[in-house]
Amino acid sequence: MPRRPDFSAVGHSQPRLDGTDKVTGRSLFTDDVVLPGMLCGRVLRCPLPRARLLNIDTSRAEALPGVKAVVTAQDAAGIWLGINQPLLSPEILNHVGQEVAAVAATDEDTAREALKLIRVDYEPLPELKDMKAALAPGAPLLHAKAKGNIAWEQADDHGDPDAAFAAAHHVRTDHYVTNPTHNCYAEFHVAVADFTRSDKLTVWTPTQSALLFQKSLAAGFKLPDSGVRIMCLNSGGGFTGRTATRPHHFLAALLSRKSGRPVKIRATGDEEFIMCRAGGRVEYRFRSGVDRDGRLKVVDADLLFDTGGYVESQMIVILLTSSYLDALYPVEATRYRGRLVHTNNLPYYFHHGGGLAQFQFAFGQHVNSLALDLGMDPVDFHLLNAVEKGHTTLRGTHYASCGLKECIRKTARQAGWKQKRRRKEPLKGIGIGIGAMASGAKGLFKHDTSAAFIKVGDDGKATLFVGLPDMGQSSHTAMAIIAAEVLGIAPTDITVASGDTDLDPLDVGAFTQRGTFNTGNAVKNASLDARKQIAKTAAAELGVRPSQLKFSHGQITVKNQPDKVMPFAKAVFNTLHSQEGRFVMGRGFYNSPLESGSMAYSFGAQIAEVSVDPDTGVVTVEKVTAAHDVGRAINPRIVEGQIDGQIFSGMSQALFEECVMDDGQVLNPSRLDYKMPRAWEMPEVEHIIVESVDPHGPFGAKEVGEGPIVCTMQAIANAVADAIGEPVTEMPIAPWRVLKILGRRKDVA
Amino acid sequence: MQLPSFEYLRPATLREGLDWLSEPGTDTAVVAGGSDLLVNMKLGLVTPKRLVSICDLPGMQDVTEDADGGLRIGAGCKLTDLLQHETVTGNYPALADAIRAVGSQHVRNMGTLGGNLCLPTRCWYTNQSEQWRESRQPCFKTDGELCHVIKSSARCHSLNSSDTAPALIALGASVTLASRDGTRELPVADLYFDDGVDYMTMRPGEILTEIHLPPPTGVSAFIKVAQRNGLDYAAGTIAGWFDGAAARLVLGSIGSHPVSLPKAADLVVAGGLGTKTIDAAADAARADLGEVSNLFSPPGYKRRLARSLVRRVLEQLADLQGGGK
């Protein structure tokens, strides 16, 4: 493992600080929250894909003993989710499972009984089953402002794509489809709301961004931001799905306000699939041109996203996918068109990397096919074309560090790429996928700020306050390592306090892979501030200048004067226990100096090896070799864990996961029928960590939160194509999709 | 999802259980391991007010060898326990492999052989919560007049996904059905109708008490294909048995009942287990399949898979035969 020998914390594998609590069950999650007098909330949902609500009668439910509150559209007036969804619509309902009313009762049985007593009259309306129906001439409009059922459209050229296509030596066009998926969190959707005080709403819930939840609930209930307190104890998974509030957060608050008691709403099994809002169906058309030498010159992408009945912030998917056309290759021109299409499916949001992982499933296969058209080895194609350090993309993204080519070379060598491609065995395949991923991205607000506080007690132990959630990615341990490195103490000397917006410093949240980079820099700055305060005491006592001091291994030493040494804890003790009585408190923040976009990108390459069963069409991933440029591995064990987890999830999406839809309804809304692999299916993984040491990252670190998964799906898809002789252009690569191809290709089996 | 309240009865004798089961107006059902029944009760698919537990009845968990060399297995035997019996694992490998393929370790620890034979058919339009089902017209299975899987169909196409049924049919097993009027023996093959609603030939008031395996002869094998290893319903299963003079091939998880493949079996009896016969039998299997639905996987896939399963199980039987077994 590469690491700088003079680091005492960074680069040393550190078990998660909360690992013991997690595995012994001591860690608390939202469902553990039980407040005095707390009620059980449940939601009545629309059974039809599109309907007019004619009448709703809640009188019998309200009369049921044990029912403490029933809320309908009139209680939710003025509360909107995203740009066009009323929390409880008084008239038109646009998807199966849309919230119609909610009840709070003393127990779950009573709440369920109450739902059955609510009488609703619906008038079914013609539905838009899919994007084809939505885009057909004369299709009913779901939202007046969305002409032609296009909720959002972006089309832009960079460079001169027409000229580039005209000059191209070879042009190829491909079509791909990715199907709806579900995030399958370990922790179901759940919220506990206490709105018994009219001026303060407290909500316990898993989240990727307490700040966004706070702002959203405050806007909905017309409170100042400080009137909303978000409590995030622990989060059982994020996967880009917990970046925004969902109806149940507001409904729990409404029920609490109306009943005067705290209310918990927890998703039941199939409700989880309605509340989740992961990825919808996407249809991709790519057209690209190369020159005579195999250099990629121009990329044209046309993407259609099923956004379902409503739009929340799905335009982010369009912004992100459009900005990755030129992220990997220094092309001359790009053309992009992306459209969000309204249908009467669930309002889809996104799943993994804001839709980029699925996008790369398609784009990575397209590029692979292009290389094969030219008779080029895909690895050679990538090495010829890949971006390098110092490159600036057409969109102005600058790569201050870039280890992409090193990742491609190392993974190809480690996997034995050349030899394995030469010794081609029937029904076995090998494929490569490469990717880039932003470490944070400005654009949501004017700022992209993370802040941190650190207090150091007179026992020499520190408490670090951050607003960055840890939803399993071990971000809190990484923050402790960064603080420990600056202060020269052990990560285990640091307690990370987080998960309460009344206490936490501001942090935009854990998405766009911004935690290690942004919050990491903030923590570094806060720790430097604290160190300065301690250095003042130590320098005075040791009779040197503060700049001569070195903090490491719990000691403060003086450069080139080995006899002068002071324990860290003593310096802190003396700072407080003095005439001045100074308490050590560091503060710091980080905000990208850019107007928009990201300061640093991670890069990666993965090679997947698969075998295909010709009788059943089942694909087995045998091995994945993964090389990732993470700038600097703050915690190598967790970096490997992130790579493992994303290879597993990527394989799961590539081969297994699909919400089977029929008339706007998920046919397989359970962990039994929505197939996810189990630990048995985990392939062998070889990790290669590449450290390009980014000049802007804390100790050179960049993200590793989504970079690996954008490589996995395309690598597996390309390996399957290698095994069966042609690509499976629809994800998941389910057995029947494979067998259909094998059925007409007698040459392979 | 919560389990509705119900009365749980433990009879001391089979007679008592049969009496309780037949008490009119009591809405009583039989429960063995409960691994499927309780899930369906949570979904509101069945709503019995009383459950009669049969696992503790005398003899229900016994495995005894017959004088003729056959084996009698109490219907309440837990699947995990059966794998501890060398007579089962050694003499009836098709059954042992079918048992290993059921659900997960937890399901096998609770689930019984009798229960797996009586496994209700399954469909992704009906095995859903009550709130989910409200979105659709009632179907044959929920007292309606249509099938969501094959819209034009006059019957229900729910799938029989019992892993052990195809194995027991291939092995020529029979069951004992007890009622207040006495007992009757029925070949396992005659236990099922090809209908998703009326999937079993058992009569109201009957309890399946015992499974009877004939003396072990010939070779047998069972194969399950599922997308993931364990905790998964099959995309298809097959059980095969061949003793040189007779053969049986039975597909599972393809239709509403275990599908016997007499045409393919006849070819094997006539031609043995050579490569050519195996290919011909695999092709012939398609003719026995009948209507195949789009439930859980496309019909084209199921047909291709059926062909592959026949070939694989026959190749396995050929290996076993060649191995002198």
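As the structure is a computational prediction, the values presented were derived from the model and not from experiment.

**What about the interface of chain A and chain B?**
- Each side of the interface is counted separately: chain A has 39 residues, and chain B has 32 residues.
- Counting each side, the surface lost to burial between chain A and chain B is near 3,200 Å², with a carbon and sulfur contribution of 45%.
- When the area that chain A buries against chain B is broken down by residue, the three leading residues are Asp615(A), Leu667(A) and Trp736(A), summing to 19%.
- At the boundary of chain A with chain B, the tally comes to seven salt bridges.
- Across the salt bridge formed by Asp613(A) and Arg312(B), the nearest N and O atoms sit 2.6 Å from each other.

**Observations regarding the sheet that holds strand S10 (residues 236–242) of chain B**
Residue and element names in this part refer to chain B.
- Across the sheet, four strands lie side by side as S9-S10-S11-S12; this open sheet has antiparallel pairing. The open sheet has two free edges, formed respectively by strand S9 (219–225) and strand S12 (259–260), since each of these has just one partner strand.
- Contacts from helix H12 (residues 299–322) reach S9, S10 and strand S11 (247–252), with the element oriented near 145° to S9.

**A short note on the confidence of the model for chain B**
- Overall, the predicted model of chain B reaches an average pLDDT of 95, with 99% of residues at or above 70.
- Interface scoring of the predicted complex returns ipTM 0.95; its pTM is 0.97.

**Remarks on the environment of Gly244(B)**
Residue and element names in this part refer to chain B.
- Here Gly244 shows up in the loop between S10 and S11.
- The exposure class assigned to Gly244 is partly exposed, which follows from its relative accessible area of 42%.
- Residues Gly244 and Ala270, 26 residues apart in the sequence, show an inter-C-alpha distance of 9.3 Å.

**Remarks on the sheet that holds strand S14 (residues 263–266) of chain A**
All names here are of chain A.
- If you walk across this open sheet you meet the seven strands as S3-S7-S1-S14-S11-S12-S13, and the pairing is mixed. Of all the strands in the sheet, the pair left with one neighbour each is strand S3 (67–71) and strand S13 (228–231). Adjacent strand axes in the sheet meet at a mean angle of 20° when their direction is disregarded.
- Bridging between strand S11 (residues 190–197) and S14 involves four bridges; their strand directions are antiparallel. In the sheet register, Ala191 faces S14, and the bridge partner there is Ile265.

**A closer look at the pairing of strand S6 (residues 174–179) of chain B**
Residues and elements named next belong to chain B.
- The element S6 is extensively covered by neighbouring structure, given that six of its six residues are classed as buried.
- Taking every second residue as pointing to the same face, both faces of S6 are buried, with Ser174, Thr176 and Ala178 on one and Val175, Leu177 and Ser179 on the other.
- Pairing of S6 with strand S7 (residues 182–187) involves six bridges; the strand directions are antiparallel. Looking across to S7, one finds that Ala178 is bridged to Thr183.
- Hairpin connection between S6 and S7: a loop of two residues separates the two successive antiparallel strands.

**Quick word on the domain arrangement of chain A**
Residues and elements named next belong to chain A.
- Domain boundaries assigned for chain A yield domain 1 (19–27 + 444–590), domain 2 (33–125 + 186–237 + 242–275) and domain 3 (282–439 + 600–744).
- Between the C-alpha centres of domain 1 and domain 3 there is a distance of 37 Å.
- Listed by partner, the interface residues are 17 residues for domain 1 and 18 residues for domain 3.
- Roughly 1,300 Å² is buried in total at the junction of domain 1 and domain 3, and carbon and sulfur atoms are behind 71% of that figure.
- If you sort the residues of domain 1 by the area they bury against domain 3, Gln513, Thr516 and Phe517 come out on top, with a joint share of 46%.
- For the interface between domain 1 and domain 3, the tally reads zero salt bridges.
- Those elements that place two or more of their residues in the side of domain 1 that touches domain 3 are helix H14 (475–487) and helix H15 (515–542).
- Considered class by class, the residues forming the side of domain 1 that touches domain 3 number five nonpolar, nine polar and three charged.

Thresholds applied
- Residues numbered from 1 in each chain as written.
- Chains lettered and ligands numbered in written order.
- Predicted model: local features only at pLDDT ≥ 70, side-chain atom pairs only at ≥ 80, totals over all residues.
- Heavy atoms only, no water.
- Contact = heavy atoms within 4.5 Å.
- Buried area = accessible area lost by both parts, 1.4 Å probe.
- Salt bridge = Lys/Arg side-chain N within 4 Å of Asp/Glu carboxyl O.
- Pairing = 2+ DSSP bridges.
- Helix = DSSP H or I, 4+ residues; strand = E, 2+ residues; numbered from the N terminus.
- Axes fitted to C-alpha atoms, helices over the stretch in contact; angles between N-to-C directions.
- pLDDT = per-residue confidence, 0-100.
- Buried < 20%, exposed > 50% of the residue type's maximum accessible area, 1.4 Å probe, protein only.
- Domains from an automatic or database assignment.
- Nonpolar A, V, L, I, M, F, W, Y, C, P; charged D, E, K, R; others polar.

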